[in-house]
There are 2 protein chains.
Amino acid sequence: MKTNDAVTALAALAQESRLAVFRLLVRNAPDGLTAGVIGEQLALPAPTLSFHLKALALAGLVTTAQEGRYVRYRAEMAGINALIGFLTDDCCGGRPGLCSPKDW
Amino acid sequence: MKTNDAVTALAALAQESRLAVFRLLVRNAPDGLTAGVIGEQLALPAPTLSFHLKALALAGLVTTAQEGRYVRYRAEMAGINALIGFLTDDCCGGRPGLCSPKDW
DNA sequence: GCGTTGTTTCGATATTGTTGGAAATGTGAA
DNA sequence: TTCACATTTCCAACAATATCGAAACAACGC
């Protein structure tokens, strides 16, 4: 993962509505939810939600699947996992034992 | 961790300079670095760096320690750990086996 | 086809974040 | 005390992002 990818992913999550969308999809993994259901659950107007879902998809944090009239969104676990790895890369100069072991 | 705390932490990391600062401090954990060294390594003007370090500190991702004329910054592992936990909370409705086990 | 429903794009506005020079603050050394 | 150095605050210009109504687009049932 490159720095720019990480910034994109972090920026996608660094917004209240998008973070709520992502966490809702994580709770509903791996089935996912349709856009309409997400909007209903989080009380977001359709254009606003669409804007945010697009950002999450571009960041590689959710995937989309057309299902007839509906579009199903799913949390992309590989995306969040790559992000976490990037954040903790080379921790303590490669000697992770220097950090509290039970935390890592 | 509350939603607002998570948004603050994610926003702090969702910026190229701040992300670079944080990762530099992670690599140099647990010793940390002084502001001047960070600015030198990343080629950031002092006011800009100070602005970013403040954001990281407010987000609970770095700690500060006055050392004479210098101020030493350290990555706060507990902060990043809490953030990661928040992101993956209640994964798959509490049945994490539904996600790829090797990823989690 | 035609109306209905689900989703996205467009557009205009409001809000917030980033940047770095100049100046101020704080700390230690001479 | 005076100087030098490290860091922060202040400020103003600039850039990026959030919001949501109206309209457009897409897919299904009749």
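Placed above this text is the structure.
For clarity, every value in this text was computed on a predicted model and none was experimentally measured.

## A short note on the protein's contact with DNA strand C
Step number 1: Near DNA strand C there are 21 residues, and of these Gly36 and Tyr73 of chain A together with Gln15, Arg18 and His52 of chain B occur at the shortest range.
Step number 2: When atoms of DNA strand C within 4 Å of the protein are sorted by moiety, sugar and phosphate together comprise 70%.
Step number 3: At 2.5 Å from a phosphate oxygen of DNA strand C is found a main-chain nitrogen or oxygen belonging to Gly36 of chain A.
Step number 4: Within the side chain of Ser50 of chain A, an N or O atom sits 3.2 Å from a phosphate oxygen of DNA strand C.
Step number 5: Put simply, the parts of the chain that give the surface near DNA strand C at least two residues each are α3 (35–42), α4 (46–58) and β3 (70–75) of chain A together with α4 (46–58) of chain B.
Step number 6: Tallied by class, the residues present in the surface near DNA strand C amount to nine nonpolar, eight polar and four charged.

## A closer look at the interface of chain A and chain B
Step number 1: Counting residues at the interface gives 32 residues for chain A, matched by 32 residues for chain B.
Step number 2: Together chain A and chain B conceal approximately 2800 Å² of surface at their shared face, both sides included; 71% is due to carbon and sulfur atoms.
Step number 3: Connecting chain A to chain B are zero salt bridges.
Step number 4: At the level of secondary structure, the elements contributing two or more residues to the side of chain A that touches chain B comprise α1 (3–13), α2 (16–27) and α5 (77–87) of chain A.
Step number 5: Class assignment of the residues belonging to the side of chain A that touches chain B gives a composition of 21 nonpolar, five polar and six charged.

## Concerning the sheet that holds β3 of chain A
All names here are of chain A.
Step number 1: Taken in spatial order, the three strands line up as β1-β3-β2 in an open sheet, and their pairing is antiparallel. The open sheet has two edge strands, β1 (33–34) and β2 (62–67), and neither has a second partner.
Step number 2: Strand direction decides the pairing type here: β1 and β3, joined by two bridges, are antiparallel. What sits directly across from Thr34, in β3, is Arg72.

## Observations concerning the relation of the copies chain A and chain B
Step number 1: Between chain A and chain B, which share one sequence, the superposing operator has a rotation angle of 180° and an axial displacement of 0.0 Å; the RMSD is 0.0 Å. Seen this way, the second copy is the image of the first under a two-fold rotation axis.
Step number 2: A high fraction, 100%, of the interface residues of chain A reappear at the interface in chain B, so the copies pair face to face through one surface.

Conventions and cut-offs
- Counting from 1, residues in each chain are numbered in the order their sequence is written.
- Chain letters and ligand numbers both follow the written order, the letters beginning at A and the numbers at 1.
- The predicted nature of this model means local features are confined to residues of pLDDT at least 70 and side-chain atom pairs, given and counted, to a pLDDT of 80 or more, with totals for whole chains, interfaces and linings taken over all residues.
- Hydrogens and water are ignored here; the side-chain numbers use all heavy atoms of the structure.
- In this text, near means that some heavy atom of the residue lies within 4 Å of the molecule or strand in question.
- Think of a polar contact as two N or O atoms within 3.5 Å of one another; within protein, one of them needs to be a possible hydrogen donor and the other a possible acceptor, and neighboring residues in sequence only count if both atoms come from side chains.
- Secondary structure elements follow DSSP: runs of H or I no shorter than four residues count as helices, runs of E no shorter than two count as strands, and numbering proceeds from the N terminus.
- Each residue gets one label: Ala, Val, Leu, Ile, Met, Phe, Trp, Tyr, Cys and Pro are nonpolar, Asp, Glu, Lys and Arg are charged, and the others, such as Gly, are polar.
- Note on definitions: a residue-residue contact is assigned when non-hydrogen atoms from the two residues lie within 4.5 Å.
- Two parts placed together each lose some accessible area under a 1.4 Å probe, and adding up what both lose gives the buried area.
- Salt bridges are counted wherever a side-chain nitrogen of Lys or Arg sits within 4 Å of a carboxyl oxygen of Asp or Glu.
- Two strands make a pair as long as DSSP finds a minimum of two bridges between them.
- Here the copies are matched by least squares. The fit uses the C-alpha atoms of residues with pLDDT of at least 70 in both.

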